[in-house]
Amino acid sequence: MEFNIESSWKKVLTKDLQKPYFIELNEVVAAAYRTKTVFPLEENIFNAFKHCPFDEVKVVILGQDPYHGAGQAHGLSFSVPDGVKIPPSLRNIYKELASDLGKEIPVSGNLEHWAKQGVLLLNSTLTVEESEAGSHQGIGWETFTDEVIRTVSDQKEKVVFLLWGKFAQDKASLIDESKHLILKATHPSPLSAHRGFLGCRHFSKTNEYLKDKGLRKICW
């Protein structure tokens, strides 16, 4: 199995892609795809990078696992393909978006249009087995995606990191807050959204920061 990573990301992550842990990760994931039902489809594993090249990153939204139901995951955190029912967490993201910016709630859960404007929709773990949440945690993905976060922090400036929930917030130690903006809130899950996510106004705050830094705002 040959991981197909977008060229600008491959360039900045070259050293990690050659490390023993990543070679072993490739082998473990390839074996899983041969013997089990794994999401997303192989060609979509690195969609977050494909749709948001390194040079264009302005915002990072961190998720944890891909969706583990059939047809949901397509390589972008919180996103689902057109025509797929909007999951509960994304529904709350849309509620906050509507409240914050006065926008209508979208009918599609596909967030590719965010990615193409410079929003890196990054899950900490990039694959998962069907109906087995967290099944590919601890096999090496977190080492890789932590390096992605660290690389964005080290090699770029004026990026907004949206850290929703404790898992994402624990990644703050990888980010240089002296040259980036970190915004934190509870996770948009129905279990926690009312404890700080709804009302956080992260979408308008992100655009205010980008505008202040002379960067084009995100059309959420």
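Now for a look at the structure at hand.

Basis of the calculations
- Residues numbered from 1 in each chain as written.
- Predicted model: local features only at pLDDT ≥ 70, side-chain atom pairs only at ≥ 80, totals over all residues.
- Heavy atoms only, no water.
- Pairing = 2+ DSSP bridges.
- Helix = DSSP H or I, 4+ residues; strand = E, 2+ residues; numbered from the N terminus.
- Axes fitted to C-alpha atoms, helices over the stretch in contact; angles between N-to-C directions.
- Salt bridge = Lys/Arg side-chain N within 4 Å of Asp/Glu carboxyl O.
- Buried < 20%, exposed > 50% of the residue type's maximum accessible area, 1.4 Å probe, protein only.
- Contact = heavy atoms within 4.5 Å.
- Polar contact = N/O pair within 3.5 Å; in protein donor to acceptor, adjacent residues only side chain to side chain.
- Phe/Tyr/Trp six-rings, centres within 6.5 Å; stacked < 30°, edge-to-face > 60°.
- Lys NZ or Arg CZ within 6 Å of the ring centre and 35° of its normal.
- Parallel < 35°, antiparallel > 145°, perpendicular 65-115°, else oblique.
- Nonpolar A, V, L, I, M, F, W, Y, C, P; charged D, E, K, R; others polar.

Read from one edge of the open sheet, four strands run β3-β2-β5-β6, paired in parallel fashion. On the outer flanks of this sheet lie β3 (119-123) and β6 (181-185), each paired with one strand and no other. For this sheet the average axis-to-axis angle between neighbouring strands, irrespective of direction, equals 20°.

Within the structure shown, the criterion is met by six salt bridges. For Lys36, the salt bridge goes to Glu129, with nearest N and O atoms at 3.4 Å. Here the residue Lys36 occupies a position in the loop between α3 (20-35) and β1 (38-39), and Glu129 occupies one in strand β4 (residues 128-129), the gap between them amounting to 93 residues. Judged by relative accessible area, Lys36 falls into the partly exposed class, the value being 47%. By relative accessible area, Glu129 is classed as buried at 15%. Close ionic contact of Glu147 with Arg150 constitutes a salt bridge, the shortest N to O distance being 2.7 Å. Here Glu147 pairs with Arg150, and both are found in helix α7 (residues 141-155), just three residues apart, close to one helical turn. In this structure Arg150 comes out as partly exposed when scored by relative accessible area, which is 30%.

The next point concerns the environment of Gln137. Within the secondary structure, Gln137 sits in the loop between β4 and α7. With 83 residues separating them in the primary sequence, Gln137 and Phe54 have C-alpha atoms 24 Å apart. Discounting chain neighbours no more than four positions away, the residues touching Gln137 are Gln64, Asp65, Thr125 and Glu142. Within the structure, the side chain of Gln137 is placed 3.3 Å from the side chain of Asp65, a separation counted as a polar contact.

So, about the environment of Leu122. If you trace the backbone, Leu122 turns up in strand β3. C-alpha separation for the pair Leu122 and Asp65, spaced 57 residues apart in sequence, amounts to 9.5 Å. With residues near it in sequence (within four places) discarded, Leu122 still touches Phe49, Ile61, Leu62, Gly63, Ser77, Thr145, Val148 and Ile149.

On to the packing of aromatic side chains, then. The final tally for this structure, using the stated rule, is 15 aromatic pairs. The interplanar angle of 85° and the centroid separation of 6.1 Å between the aromatic rings of Tyr21 and Phe22 together place this pair among those described as edge-to-face. Like Phe22, Tyr21 is buried. Between Lys156 and the ring centre of Phe54, over which it is positioned, the NZ or CZ distance is 5.1 Å.

Another aspect to go through is the packing of helix α5 (residues 88-101) against helix α9 (residues 202-212). When two helices pack together, you describe them by how their axes are tilted relative to each other and by the distance separating the axes. With their axes 8 Å apart at the nearest point, α5 and α9 run at an angle of 60° to one another. Between α5 and α9, the angle falls in the class oblique. Side by side, α5 and α9 meet where Ile93, Glu96, Leu97, Asp100 and Leu101 of the first sit next to His202, Phe203 and Ser204 of the second. In terms of residue class, the contact of α5 with α9 is made up of four nonpolar, two polar and two charged.

The peptide bond linking Phe39 to Pro40 adopts the cis configuration, its omega dihedral lying at -5°. With respect to the element layout, Pro40 can be found in the loop between β1 and α4 (47-51). Residues other than glycine seldom take positive phi values, yet Lys158 does so here, at roughly 60°. Take Lys158: it is sitting in the loop between α7 and β5 (160-164). One non-glycine residue with positive phi stands out, namely Arg201, at about 60°.

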